[in-house]
Amino acid sequence: MTAFMRRIALLILSAIVCTFSTPSPAQQFNETELKAAYLYNFAYFITWPEPAAPEFLFCSYANTPVTAILSRLIDGEKVHDRPIRLLIDPLPEQLHECHIVFIPVQQERVLATTLDYIHAFPVLTVSDIPDFDQRGGMVRLTTEDRRIQPVIHLQNVSRARLSVSSKLLRSSRIAE
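All figures in this text were calculated on a predicted structure; none of them were measured in a lab.

Cut-off values and rules
- Residues numbered from 1 in each chain as written.
- Predicted model: local features only at pLDDT ≥ 70, side-chain atom pairs only at ≥ 80, totals over all residues.
- Heavy atoms only, no water.
- pLDDT = per-residue confidence, 0-100.
- Contact = heavy atoms within 4.5 Å.
- Disulfide = S-S within 2.5 Å.
- Helix = DSSP H or I, 4+ residues; strand = E, 2+ residues; numbered from the N terminus.
- Buried < 20%, exposed > 50% of the residue type's maximum accessible area, 1.4 Å probe, protein only.
- Pairing = 2+ DSSP bridges.
- Axes fitted to C-alpha atoms, helices over the stretch in contact; angles between N-to-C directions.

(A) How the structure looks around the confidence of the model for the protein chain. Residues of the protein chain with pLDDT of at least 70 account for 85%, and the chain-wide mean is 87. Confidence drops under a pLDDT of 50 for residues 17-23, and excluding neighbours within four residues, the segment shows 6 contacts in the predicted structure.

(B) Fine view of the state of the cysteines. If you walk through the whole model with that rule in mind, you get 1 disulfide. In this model Cys59 forms its disulfide with Cys98; the gap between the sulfur atoms is 2.0 Å. Handedness of the Cys59-Cys98 disulfide follows from its S-S torsion of about -85 degrees: it is left-handed. A residue pair is termed long-range when its members are at least 10 positions apart, and Cys59 in strand β2 (residues 56-60) and Cys98 in the loop between β4 (82-88) and β5 (100-103) qualify at 39 residues. Side by side, Cys59 and Cys98 carry an identical accessibility label, which is buried.

(C) Local environment of the sheet that holds β2. Within the open sheet, the 8 strands sit side by side as β3-β4-β2-β5-β6-β7-β8-β10. Their pairing is mixed. The open sheet has two edge strands with one neighbour each: β3 (78-79) and β10 (173-175). In the packing of helix α4 (residues 111-118) onto the sheet, contacts are made with β5 and β6 (124-127), and the angle to β5 comes to roughly 170 degrees.

Now the structure itself:
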């Protein structure tokens, strides 16, 4: 991971851990970089049920700018001592192996099918589709006042047997 990318990830991590009472230094990064950093950091703030897979698998539809930055962020990194791998455009039968699936707004056409395939598995779904959480998704990345904020649908997260850290919940909006 380059020093620049590590800096982005650490800034987002500190923004999640700290309150947002003061302007965040993360505001110097663009929207795409911040979305990628949030995706990366979700791996540390979500708990998946056992057993743990030998590798942590990010899945993303389409090779978007967010995916390209995420790829650089995770290069050579580990989550809880497990190597991280990125799978772009997973096949439906591969979706249950993913820990996090990112569905960018450009790929909205696959949303219903993807959610249908993984609804019985502990897979965190993340998107920047405007009504993602209301359509069965778990974490929507929204832009408000030039800031990225996660909107977490706790019922959808709990249904997948995932738990969200209190630190992430404090810096997120909760959807019902």
